[in-house]
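# A structural walkthrough
Next come the chains, spelled out residue by residue.
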Amino acid sequence: MPKKLLGHFVSAKSTIIIIASLLMFIIAGFYFSSGMKLFKSFYFIILLTFLGLSLLICTGQRIVKLKNYSSPFQFNFRWGSIAFHIGLLIILIGFAISALFGMRGKVIIPEGVAAKFPADLEIVEQGPFHEYKNYQVGLNKMELVRDGSVVGQVRGDLDFIRNAAVERLAVEINHPAKYQGYYWRSQEWGYTLKILIKEKEAVVLDDYVNIATHADGLYYDKFTLTKQTDMRLQFFPYMRTKGVPDTTEIFPDNPGLKVEFIDAHNKGKTGEGFISLGQEAIIGNYSVLFSELDFWEQFDVSSDPGEWLIFFGGAASIIGLALRIMGRRK
Amino acid sequence: MSETEMMFFWISISCYILVTFFYLFWFIGGKVKGEKIETALLWIGFLANLEVLIARTLTSGHLPVRTLYELNITVAWLTVGVFLWARRVYDKTVLVGLICIPFSFLVMGWGFADSPDIIPLTAAYKSNWLVVHVLFALLSTACYIFSAGISILYILKSRVSLKEDPAACYSLVPEPAQLERIAVNMVMLGFLAGTIMLVSGSIWAKLLWGKYWGWDPVETWSLISWLVYGIYLHLRFTFGWHGKKLAVLCLLCLVTNVVSFWTIGIVTPDTYHNLDQITRPLD
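To start, this report covers the structure provided alongside it. Since the structure is predicted, the reported quantities are computational estimates derived from the model, not experimental observations.

### Quick look at helix 8 (residues 244-267) of chain B
Residue and element names in this part refer to chain B.
- For helix 8, built from 24 residues, the straight-helix expectation of 34 Å at 1.5 Å per residue is met to within 8% by its first-to-last C-alpha distance of 32 Å.
- Of all the bends in helix 8, the greatest measures close to 45 degrees and is centred on Val 259.
- Along helix 8, the residues classified as buried are Leu 246, Ala 247, Leu 249, Cys 250, Cys 253, Leu 254, Thr 256, Asn 257, Val 259, Ser 260, Trp 262 and Ile 264.

### As for unusual backbone geometry
Residue and element names in this part refer to chain A.
- Note the cis peptide between Phe 117 and Pro 118, where omega equals 5 degrees.
- Mapped onto the fold, Pro 118 is located in the loop between strand 2 (114-117) and strand 3 (122-126).
- Despite not being glycine, Lys 200 has its phi angle at roughly 50 degrees, a positive value.

### Section: the sheet that holds strand 6 (residues 165-172) of chain A
All names here are of chain A.
- One open sheet holds the four strands; their spatial order is 2-4-5-6, and the pairing between them is antiparallel. At either end of the open sheet lies a strand with only one pairing partner, and these are strand 2 and strand 6. This sheet shows a mean twist of 30 degrees between the axes of neighbouring strands, independent of strand direction.
- Taken together, the four bridges between strand 2 and strand 4 (residues 135-147) define a ladder with antiparallel strand orientation.

### Description of the pairing of strand 17 (residues 286-303) of chain A
Residue and element names in this part refer to chain A.
- Burial of strand 17 is extensive: 14 of the 18 residues sit out of reach of the surface.
- Two strands pair when backbone bridges link them, and strand 1 (residues 103-110) and strand 17 are joined in this way by eight bridges, in the antiparallel orientation. For Val 107, the partnering residue across the bridge sits in strand 17 and is Phe 299.
- Direction of pairing for strand 8 (residues 182-199) relative to strand 17: antiparallel, over a ladder of 15 bridges. Of the residues in strand 17, the one forming a bridge with Leu 196 is Leu 289.

### Remarks on helix 3 (residues 68-89) of chain B
- Taking 1.5 Å of rise per residue, the 22 residues of helix 3 of chain B would be expected to cover 32 Å, and the 31 Å separating its terminal C-alpha atoms lies within 8% of that figure.
- Summarising burial for helix 3 of chain B: 16 of the 22 residues are buried, a large majority.

Reading the values: rules and limits
- Residues numbered from 1 in each chain as written.
- Chains lettered and ligands numbered in written order.
- Predicted model: local features only at pLDDT ≥ 70, side-chain atom pairs only at ≥ 80, totals over all residues.
- Heavy atoms only, no water.
- Helix = DSSP H or I, 4+ residues; strand = E, 2+ residues; numbered from the N terminus.
- Expected span 1.5 Å × (residues − 1).
- Bend = angle between axes of the 7 residues up to and from the residue.
- Buried < 20%, exposed > 50% of the residue type's maximum accessible area, 1.4 Å probe, protein only.
- Pairing = 2+ DSSP bridges.
- Axes fitted to C-alpha atoms, helices over the stretch in contact; angles between N-to-C directions.

Here you go:
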């Protein structure tokens with residue numbers, strides 16, 4: 001019986017069936033599965049397992065058959081084909097290891113603030129066998145590097161603190177930092193504003209506020225100020241003279257803020273005004289001071305124990321294909 | 001677009017159009033005439049296309065792999081390059097130019113009509129993996145276009161082989177068995193380039209987004225195209241598929257490649273492959 005079962009996996013027919021099933025699963029998952037749930041399902045994992053088993057058994061059979069040839073170890077197309085399929089198998093194993101022992105999460109850290117790892121992290125994925133290392137991470141400084149009129153790079157200096165030892169590492173887009181086996185990648189950034197709001201000398205808000213960045217390129221957010229009042233803040237990196245904002249400038253060379261106070265019940269505006277950094281103004285029933293401007297940065301954090309297998313498998317599959325093409329059937 | 005680039009762009013397109021007329025006359029007339037002029041025109045067009053790429057690189061400060069126009073002028077150059085190389089290696093494949101050369105000047109025209117404006121590279125695009133990933137993607141498309149052209153010739157030739165008095169143009173085309181061998185070889189080359197594209201793209205995605213694969217529309221269709229060509233190769237080498245069904249399959253496979261490369265990016269503009277969305281929309 002086991003031989004019969006094995007026979008199903010080593011047949012050419014089963015290979016085509018598995019690849020075709022994978023193809024149909026991908027199309028179904030992409031077009032008919034909301035939130036891509038099908039790709040994280042048990043059935044997809046089973047399909048990938050079948051693919052791995054088929055690769056393992058078929059490749060093993062090919063290696064055994066090599067002894068039937070007069071020069072089994074001579075460079076020829078057969079070894080190329082074997083290397084390609086082994087490479088794919090190694091990639092699958094690498095993914096499995098990362099899925100079991102790795103993790104992914106994200107965290108927003110404003111400048112000058114330290115976050116606890118992993119306590120402050122929003123975990124996106126976590127393997128059942130992952131063990132966390134505890135440390136703290138502070139965003140010392142974030143900088144927008146100019147490249148003409150565009151942002152050439154976003155550079156953040158992270159301080160990693162563990163057992164009283166501090167290590168500073170730079171993070172840039174396309175250049176993550178690696179600490180204790182965890183990759184820290186820059187994912188998103190925005191502005192943090194220090195706002196002081198008073199109503200008749202009583203402090204209503206004295207805090208740092210992180211403003212969201214939107215796909216339209218604008219920075220705005222809505223907050224609940226009191227039970228009766230909501231507040232909408234729109235940040236402008238550059239204010240022209242007479243308090244007119246420039247919506248096209250990227251660099252915060254002359255930053256300003258548009259403040260709107262909205263009645264929480266009838267949604268009508270109770271006050272609206274513009275203030276520049278360092279200014280205080282009376283808007284509606286409140287005095288508003290915009291005293292400080294910093295950045296916040298969102299980081300993607302991941303641990304990927306299988307990455308070297310994935311890289312090695314990728315290289316093996318490419319080299320195998322090249323050998324397959326170069327080695328000719330005689 | 002600089003004046004140099006504009007000038008060489010139109011020289012390139014003009015040469016490609018002129019050589020297409022040569023192929024048409026050869027196909028209709030069944031005889032190769034003025035091959036030296038055709039070869040000279042094709043090389044002028046190819047080198048002018050190369051000059052367009054160089055001029056664009058110098059003006060923009062980066063290799064032309066960013067906008068639709070840049071991608072199209074690069075894939076056109078690679079397609080003509082693959083055609084020039086393949087017709088040296090494989091005899092009697094000049095009529096594949098009827099597919100490759102019109103494809104080249106049409107995509108160049110499309111890119112120009114879209115917008116030849118230079119868009120600076122944002123931080124997300126500034127990686128050496130961009131060049132590797134995109135160039136091998138374009139090279140795989142160039143190889144697949146050639147194999148599709150060979151497959152079309154195969155279908156036409158195999159039909160006329162059954163006739164007693166086939167048209168003279170088919171004497172310019174190799175025998176069906178040779179055509180099939182060439183098509184399979186070109187698919188294998190394209191598959192190798194496609195594999196490098198997928199692997200390099202995954203490594204770059206890991207650096208940029210923190211994960212090798214995100215089931216983004218362009219990623220998904222690239223994988224679909226790769227798997228479809230994988231099925232083609234398995235059917236050929238493991239099941240011994242040959243003949244018209246293999247040639248038709250090659251053409252169907254090309255459809256998935258065209259979808260993954262052009263169509264899906266137009267239909268779903270919010271794909272992660274639009275790297276302006278990655279962190280800063282105004283970058």
